[in-house]
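Tertiary structure, described
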Amino acid sequence: MDYEKVILDTEEMVRKQLTDEKSGHDWYHIQRVINTARQIAKEENANFFIVTLAALLHDLADDKVVESDEKGLTMIQKWLESQQLISDDIQHILSIIKYMSFKGGNGIPLKTIEGKVVQDADRLDAIGAVGIARCFLFSGQKGQLMYDPTIEVRENMSIEEYRNGKSSAIHHFYEKLLKLKDLMNTKTGQSLANQRHQFMNHFLDQFYREIGE
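Model, not experiment: these values are computed from the prediction.

Scanning the chain for helices and strands turns up ten helices and zero strands. Taken over the C-alpha atoms alone, the chain extends approximately 60 × 35 × 30 Å along its principal axes. In the chain, which comprises 213 residues, the share counted as buried stands at 48%. A sequence separation of at least 24 residues applies to 65% of the contacts in the chain between residues at least 6 apart. Accessible surface, the chain as shown: approximately 11,100 Å² in total, 49% of it carbon and sulfur.

Right, here's the structure in full:
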């Protein structure tokens, strides 16, 4: 099998799907996740091909981007079959994509090193300076306020509450972003997360000073 051709063809397909995506899950997000996942995979001795394909395809089965998770997974499976991947590799990639999302803290822990690597890379793109920018972009796209001090921070949410309950961009820091550092799966991911986590704390300190809280 020509693994490089499979990757290049998949890149072209995903780029076409996500070029105009405006919630922060666009092609440039995918590129960053791929680059970070490859960096972590090298340090953690993960399968480079599986990591790259899962990172490429992961948002095509996310209901923030597509109509439903299940339809997205079906489309991904058909694509991988058309690329003549062996069944074990297809199921491995689908399993990573199906279970890697945060989902309000309700996600199922990933079992393989490849899944852990891709999940860490995706979570790293949700924190730090880029993560802050994506948070406000996504909140605006959903019609949420930048900040509402009357809203309580939500804990122990169902997936439905996490997706559709009332929140704000600043609340999302406490409901997800600040939790991600301690949810990293790999030593490399943990190391990369520390500085980004610290940057978010500095941002929040400055934000509250500017609004007088």
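To continue, consider the side chain of Ser139. As for its placement among the helices and strands, Ser139 is situated in helix H7 (residues 128-141). Apart from the residues within four sequence positions on either side, Ser139 is in contact with Gln144, Ser168 and Ala169.

A separate point is helix H5 (residues 87-99). The first and last C-alpha atoms of H5 sit 18 Å apart over 13 residues, in line with the 18 Å expected at 1.5 Å per residue. Among all positions of H5, only Ile90, His92, Ile93, Leu94, Ile96 and Ile97 are buried. In this structure, the buried residues of H5 make contact with helix H3 (48-57), helix H4 (69-82) and helix H6 (113-124).

Glancing now at the packing of aromatic side chains. Here a ring pair, both rings aromatic, is described through the centre-centre distance and the interplanar angle of the planes. Under the definition given, this model contains eight aromatic pairs. Relative to Tyr208, the ring of Phe207 has its centre 5.8 Å away and its plane inclined at 80°; by these criteria the two rings are edge-to-face. No difference in accessibility class separates Phe207 from Tyr208, as the two residues are buried. Taken together, Phe136, Tyr147, Phe173, Phe203, Phe207 and Tyr208 form an aromatic cluster joined through their ring pairs.

Per the counting criterion, the structure on display carries seven salt bridges. Between Asp9 and Lys5 there is a salt bridge; the shortest N-O distance is 2.7 Å. Of the two residues, Asp9 and Lys5 are both situated in helix H1 (residues 3-18); the distance of four residues between them amounts to about one turn of the helix. Several salt bridges converge on common partners, so that one network encompasses Arg32, Asp125 and Arg134.

With that out of the way, let us pick up the environment of Met200. One can find Met200 in helix H10 (residues 187-211). With a relative accessible area of 0%, Met200 lands in the buried category. Sequence separation of Met200 and Ile127 is 73 residues, and the distance between their C-alpha atoms is 7.2 Å.

Here is what the cut-offs are and how they apply
Residues numbered from 1 in each chain as written. Predicted model: local features only at pLDDT ≥ 70, side-chain atom pairs only at ≥ 80, totals over all residues. Heavy atoms only, no water. Helix = DSSP H or I, 4+ residues; strand = E, 2+ residues; numbered from the N terminus. Buried < 20%, exposed > 50% of the residue type's maximum accessible area, 1.4 Å probe, protein only. Contact = heavy atoms within 4.5 Å. Areas by Shrake-Rupley, 256 points an atom, 1.4 Å probe, with all protein chains shown as cover. Expected span 1.5 Å × (residues − 1). Phe/Tyr/Trp six-rings, centres within 6.5 Å; stacked < 30°, edge-to-face > 60°. Salt bridge = Lys/Arg side-chain N within 4 Å of Asp/Glu carboxyl O.

These figures come from the coordinates and say nothing about function on their own.
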